[in-house]
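The residues making up each chain are set out below.
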Amino acid sequence: MKDLSNQQQSIELLQQLGLKEYEAGCFVALARLPKGTAKEISETSEVPRTRVYDAIRVLESKGLVEIQHSNPQQFRAVPIEEAAKTLRQEYESRTDTLVEALENIDPTVPDSDEEITHEVWALSGVTPIRNRTQQLIDAAGQEIVLIVGREEAVTEELLEQLHEAQETGLSVLIGTATNQLREHIAAALPEAEVFVSGLEWLNGSPSAHADETTISRLLLIDQNTILVSSVHETATGEIDTEKAVFGRGFDNGIVVIARRLMASGLQPADDPAMADE
């Protein structure tokens, strides 16, 4: 059963990378065989024999399958690492082409130079939120204040990005929910100022015992851009999809509130230019 599950998962992932169902089925079959004829591929993959040849031709054109012109013809998949590299390059090429095409589309409404400061936007999903976090850090010009509520929010990519921000002269201040996490970040970023945050509500509301929502991160960039993400923990410790809200503008209500809340969790001597608040 586990083998069947792995096969099906592999086929679905290959389809997500651009292969059609029969092409993915034939490739997975060949990944299991040293080599095979169209008949053997059909029997292993349940792809109709009449469709195997068409699928193989596509796989060959993509550099995923080799053909031996014997009688009958024999087929074999390229090594898995080589196939992964080929698919990755094609995926990246398609992504680059998509970006170029989207950037060349004329907007229906001309861009306005006036910054809208009252809007709040929402994101959902670990990867989109992680990407937005990195994009906001990249755009920082003076100061980065990050308070981390969950260890999972601290990735190697994030630590490397914060280190690069320090190297460019940006002020980096990091608060954590636990001392253990503080030590982990401090070891990775010895030049950064890292402390245990006083924001006790990161892991739930003191007045609502049924509140199992945990704040993953609060990110404040240059005093005028905020991102707040959270997850809901189930009774088994698993989490639902991470969700986030973010806003921009010094007078944006959510930015003002978050700025003041974050200031309350900083030691007075460490409060980064928030005295006016």
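Note: the structure precedes this text.
Structural notes, computed from the coordinates. Treat the numbers as computed from the prediction; the structure is a model and nothing was measured.

A contiguous nonpolar surface patch, about 310 Å² in accessible area, is contributed by Leu98, Leu102 and Ile105. Mapped onto the elements, Ile105 comes out in the loop between helix H5 (80–103) and strand E3 (120–124). The class of Ile105 is exposed, set by a relative accessible area of 55%.

Turning next to the packing of aromatic side chains. Evaluation of the coordinates by the stated rule reveals one aromatic pair. Ring geometry for Tyr53 versus Phe75: centroids 6.4 Å apart, planes at 75°, classification edge-to-face. Remark: Phe75 occurs in strand E2 (residues 74–77) and Tyr53 occurs in helix H4 (residues 49–61); sequence separation between them is 22 residues. For Phe75, a relative accessible area of 2% gives the class buried.

What follows is about the pairing of strand E7 (residues 213–221). Within E7, eight of the nine residues are buried, which leaves it mostly tucked inside the rest of the structure. When strand E4 (residues 143–148) meets E7, the two strands line up antiparallel, connected through five bridges. Bridged to Ile144 within E7 is Ile221. Judged from the eight bridges that link them, E7 and strand E8 (residues 225–232) form a sheet pairing that is antiparallel.

On to the pattern of salt bridges, then. Side chains bearing opposite charge may pair, as long as their charged atoms lie close to each other. Under the defined criterion, the tally for this structure stands at six salt bridges. Notably, a salt bridge pairs Glu90 with Lys62, separated by 3.0 Å at the nearest N-O pair. Taken as a pair, Glu90 in helix H5 and Lys62 in the loop between H4 and strand E1 (65–68) lie far apart in primary sequence, 28 residues in all. Residues joined in a network through salt bridges with shared partners are Lys62, Glu90 and Arg94.

Let us look at the packing of helix H3 (residues 38–45) against H4. Direction vectors running N to C along H3 and H4 enclose 105°, while the axes themselves pass 9 Å from each other. When the axes of H3 and H4 are compared, the pair comes out roughly perpendicular. Counted together, Ala38, Lys39, Ile41 and Ser42 of H3 and Arg49, Val52, Tyr53 and Ile56 of H4 form the full contact between these two elements. Of the residues contributing to the contact of H3 with H4, the split by class is five nonpolar, one polar and two charged.

Our next topic: the side chain of Thr155. Position of Thr155 among the secondary structure elements: in the loop between E4 and helix H7 (156–167). With relative accessibility at 13%, the residue Thr155 sits in the buried group. Within the local environment of Thr155, its side chain forms a polar contact with the backbone nitrogen of Leu158, the two atoms lying 3.1 Å apart.

Time to look at the side chain of Ser216. Topologically, Ser216 is positioned in strand E7. Ignoring anything within four residues of it in the chain, the contact list for Ser216 reads Ile147, Val148, Gly149, Arg150, Ala153, Ser229, Ser230, Val231 and Glu242.

Conventions we followed
Residues numbered from 1 in each chain as written. Predicted model: local features only at pLDDT ≥ 70, side-chain atom pairs only at ≥ 80, totals over all residues. Heavy atoms only, no water. Patch = residues over 30% accessible without salt bridge, like charges linked within 9 Å, V, L, I, M, F, W, Y side chains within 5 Å. Areas by Shrake-Rupley, 256 points an atom, 1.4 Å probe, with all protein chains shown as cover. Salt bridge = Lys/Arg side-chain N within 4 Å of Asp/Glu carboxyl O. Helix = DSSP H or I, 4+ residues; strand = E, 2+ residues; numbered from the N terminus. Buried < 20%, exposed > 50% of the residue type's maximum accessible area, 1.4 Å probe, protein only. Phe/Tyr/Trp six-rings, centres within 6.5 Å; stacked < 30°, edge-to-face > 60°. Pairing = 2+ DSSP bridges. Axes fitted to C-alpha atoms, helices over the stretch in contact; angles between N-to-C directions. Parallel < 35°, antiparallel > 145°, perpendicular 65-115°, else oblique. Contact = heavy atoms within 4.5 Å. Nonpolar A, V, L, I, M, F, W, Y, C, P; charged D, E, K, R; others polar. Polar contact = N/O pair within 3.5 Å; in protein donor to acceptor, adjacent residues only side chain to side chain.

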